[in-house]
Structures are given as C-alpha cells and as structure tokens.
Amino acid sequence: MVFAICVDNEGYEAALELRKIYQVLPPEQNDPEDYIRIIDESGEDYLYNKRAFEVVDLPQRTERKLIATL
C-alpha cells in the first residue's frame, strides 16, 4: 500500500489537512500523470496535484497499523 503526506492544501483546506498521511490509490486509466489519487477527508478518492504530496515509505509496523485503521 502507498501513503503520502500532504505538504500543500491551498485551495483544498476542507478536503486535505497539512502534514496528514493519506492513502494513495493506483491511477485509473485516464488520470493525468501530474495528479495523484488520494482518499481525502470525505472518505472518497479524488485527484490532486502531485506537488501537494510527498509519497513516503513507512516502516512495516507503521504501515500495518495504518492499514488496520482503514
């Protein structure tokens, strides 16, 4: 599973929290390359510009704990 930290929520303050870790979903067929599919605060997946996130590699223990909360 892939996770990313929000580093810029300008214009999306209600949907994204700065410094929060979000689950990244695989891109769909027609997703633009400079966008990333994120499950945001609404609980739904939406496309956001990749510049707003930093994809992170988490320790296995941390990843397991995050997955358990999904």
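In the block above lies the structure referred to throughout.
What counts, and at which threshold
- Residues numbered from 1 in each chain as written.
- Predicted model: local features only at pLDDT ≥ 70, side-chain atom pairs only at ≥ 80, totals over all residues.
- Heavy atoms only, no water.
- Core = buried A, V, L, I, M, F, W, Y, C linked by side-chain atoms within 4.5 Å.
- Buried < 20%, exposed > 50% of the residue type's maximum accessible area, 1.4 Å probe, protein only.
- Helix = DSSP H or I, 4+ residues; strand = E, 2+ residues; numbered from the N terminus.
- Contact = heavy atoms within 4.5 Å.
- Pairing = 2+ DSSP bridges.
- Axes fitted to C-alpha atoms, helices over the stretch in contact; angles between N-to-C directions.

Q: For this particular structure, what's the right way to read the nonpolar core?
A: Where a protein is soluble and globular, its nonpolar side chains tend to be buried together. By size, the foremost hydrophobic cluster in this structure holds eleven residues: A4, C6, A15, L16, Y22, V24, I36, I38, Y48, A52 and F53. Of all the secondary-structure elements, those providing two or more residues to this core are strand 1 (2-6), strand 2 (21-25) and strand 3 (35-39). Aside from chain neighbours lying at most four places away, what touches Y22 is V2, F3, A4, C6, A15, L16, E17, I38, I39, D40, E41 and F53.

Q: Explanation requested: the sheet that holds strand 2 in the structure shown.
A: Note: strands within a sheet are paired through backbone hydrogen bonds, in either parallel or antiparallel orientation. Spatially, the five strands line up as an open sheet ordered 4-3-2-1-5, and their pairing is antiparallel. In the strand order of this sheet, the two ends are held by strand 4 (45-49) and strand 5 (53-56), each with one partner. Neighbour-to-neighbour, the strand axes of the sheet open up by a mean angle of 45°, direction not taken into account. In terms of strand pairing, strand 2 meets strand 3 through two bridges, oriented antiparallel. Counterpart to V24 in the pairing with strand 3 is I38.

Q: Just checking my understanding: could you explain unusual backbone geometry for this structure?
A: Excluding glycine, a negative phi dihedral is what most residues carry, and trans is how most peptide bonds are arranged. At R19, a position not held by glycine, the phi torsion is positive, near 70°. The residue R19 is located in the loop between strand 1 and strand 2 in this model.

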